[in-house]
Amino acid sequence: MDKLVVECAGRLSGSVEISGAKNAALPILIGCLLAESPVKLSNVPHLMDVTTTIQLLASMGVEVMFDEHLNIEIDASNITKKEAPYELVNTMRASILVLGPLLGRFGEAKVSLPGGCAIGSRPVDIHIKGMEQMGATILVEQGYILASSNGRLKGADISMSPVTVTGTENLLMAAVLAEGTTTLRNAAREPEVTDLAEFLNKMGANITGLGTDTLVIEGVERLSGVEYSVIPDRIEAGTYLAAAAVSQSQLTVTKVNPKHLEAVLQKFEEAGAEIFCSEHEVTLDMRGRTLKPVNIRTDPYPLFPTDMQAQFLVMNALAEGCSTIEETIFENRFMHVSELIRMGADISIEGNTAHITGVKKLFGAPVMATDLRASASLILAGLVAEGETVINRVYHLDRGYELIEEKFHKLGAHIYRITD
Ligand code: UD1
């Protein structure tokens, strides 16, 4: 299994181009199941999760082709199988997103129930209840969700609580071909949800309320193929900016949408960073200063994202003073803390809150991450720790960060991969 070795290399500098958003690309790829003619997608990141999604689509009879610029053409006109098997759902929870489009277009779907997950139990009850409200019959048998509907799904008024990103996306994709009007209340407002809605509208759907917590969907008879470019990855951008913050450096992320990063940029400023934004770029400059501690509470968009929590935890671990980080979205999302403590951080956990006292120095150690963002936070710690940090289970990073070593090399970091 691959490992990443990270050595302290002092300050980072330069600029890094941000890839397309993983969490937008996955639902959009799956949304192609709804189209009766081929879709062309660009700015899709080359990631393990994207490969898994393409495998899943191909297993259903979808034709997938790449052009010389690595744009993807997806033709779902001849679906042969309406099933997401355990092996694929188990490696990537987002596979559950095929439920809505398959049920909406074909009136049937068989999808494995996702198992437990390193960052909490993550149920899918809201997805299931919403589809039942739209007239679907849903059975859970031998670990599979068996969904069917008698003719088209029917529009319904659906309130979701708590706010769920993939729940909103799944119900949105179920509703676009339903008969009548569906209202999704307390919908997730994440930019990735809006990107999916814009993509569906371009294909012929009729969704209003984009970017708000109430999405109204007038069902249409059919959707057809279009060309679409995925939005930039705000979490990848935030992770590189956090690398600049911990290493007291200056760096620029390009091909981003600064509006998607507002809550995060505000916290970087509170931590003592200077931030400069233009239309598609953000520069963070620490001017060699030590970080100030910042208190954080994770919440649904537009507030501070849970996917940036681990990175800010490392920043606070190196800040001058004490801080707290409260995780309200997922239980059990502090698995990186025990590894950071092994590197010399001073952190204690009480319920869903981490109490952090900044230290002057971290020390390299062999570490192991249990999820994607936790792994990213260990790279950040390794960049400034004295000595060598060896990160095990790199496959978590490969699920969500495109060309991570190459991008960090360009910024002057010492990171390399070893294969056992
Ligand atoms: C998505 C993102 C993930 C991000 C998360 C929160 C993708 C592929 N993943 O995950 O990176 O960290 O949003 O921004 O886009 N819940 C229920 N019942 C449900 C569904 C969810 O109780 O049916 C709960 C979850 O347990 C959790 C909360 O709702 O406590 C939010 O989860 P959700 O927004 O669904 O996360 P994901 O969509 O899985």
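A brief report on the enclosed structure follows.

What counts, and where the lines are drawn
- Residues numbered from 1 in each chain as written.
- Predicted model: local features only at pLDDT ≥ 70, side-chain atom pairs only at ≥ 80, totals over all residues.
- Heavy atoms only, no water.
- Pairing = 2+ DSSP bridges.
- Helix = DSSP H or I, 4+ residues; strand = E, 2+ residues; numbered from the N terminus.
- Axes fitted to C-alpha atoms, helices over the stretch in contact; angles between N-to-C directions.
- Contact = heavy atoms within 4.5 Å.
- 1 Å grid on protein atoms, 1.4 Å probe; cavity = no way out; pocket = protein on both sides within 12 Å on 5 of 7 lines; lining within 4 Å.
- Points joined across faces, edges and corners; volume = space filled by probe spheres on them.
- Buried < 20%, exposed > 50% of the residue type's maximum accessible area, 1.4 Å probe, protein only.
- Near = heavy atom within 4 Å.
- Polar contact = N/O pair within 3.5 Å; in protein donor to acceptor, adjacent residues only side chain to side chain.
- Areas by Shrake-Rupley, 256 points an atom, 1.4 Å probe, with all protein chains shown as cover.
- Nonpolar A, V, L, I, M, F, W, Y, C, P; charged D, E, K, R; others polar.
- Core = buried A, V, L, I, M, F, W, Y, C linked by side-chain atoms within 4.5 Å.

Before going further, it helps to examine the sheet that holds strand β5 (residues 72-75). In space, the four strands of this open sheet follow the order β4-β5-β3-β14, with mixed pairing throughout. If you trace the sheet from one side to the other, it starts and ends with β4 (63-66) and β14 (227-229), each paired once. Strand-to-strand twist across the sheet, computed as the mean angle between neighbouring axes with direction ignored, equals 20°. Of the pairings in the sheet, the one linking β4 to β5 comprises four bridges and is antiparallel in character. Bridging across to β5, methionine 65 finds its partner in glutamate 73.

Here the focus is the environment of asparagine 392. Relative to the elements of secondary structure, asparagine 392 occurs in strand β23 (residues 388-392). In sequence terms asparagine 392 and asparagine 332 are 60 residues apart; their C-alpha atoms lie 20 Å from each other. In this structure, asparagine 392 is in contact with Lys3, Val367, Met368 and Ala369, ignoring residues within four places of it in sequence.

This part takes up the layout of surface pockets. Estimates place the volume of the second largest pocket at around 380 Å³. In this structure, the second largest pocket is lined by 21 residues; those nearest its centre are Val246, Gln248, Thr290, Leu318 and Lys360. Only α8 (234-246) and α12 (372-384) provide two or more residues apiece to the lining of the second largest pocket.

What helix α5 (residues 125-133) keeps buried is the set Ile126, His127, Ile128, Gly130 and Met131. Each element contacted by the buried residues of α5 is listed here: α4 (99-106), β8 (137-141), β9 (144-148), β10 (157-159) and α6 (165-175). Looking one or two places after α5, you find glycine 135, whose phi comes out positive at around 100°.

Moving on, we come to the site of the ligand. With respect to spatial proximity, 18 residues lie near the ligand, and among them Asp125, Thr164, Thr166, Asp307 and Ile329 are the closest. At 2.8 Å from an oxygen atom of the ligand is found a main-chain nitrogen or oxygen belonging to isoleucine 126. Here the ligand loses 87% of its free accessible area of 740 Å² to cover by the protein chains. At the level of elements, α5 and α6 are the ones that each hand at least two residues to the shell around the ligand. When residues in the shell around the ligand are grouped by element, the largest group, three residues, is from α5. Its residues placed into classes, the shell around the ligand shows eight nonpolar, five polar and five charged.

Membership of the largest hydrophobic core comes to 78 residues, with the highest contact counts inside it found for Leu41, Phe199 and Leu200. If one sorts the elements of this core by residue count, helix α1 (residues 22-31) sits on top with six residues. In contact with leucine 200, other than residues within four places in its own chain, are Leu34, Leu172, Met173, Val176, Ala205, Ile207 and Leu223. In terms of nonpolar packing, the next biggest core, distinct from the first, is built from 70 residues, Val6, Tyr240, Val282 and Ile356 among them.

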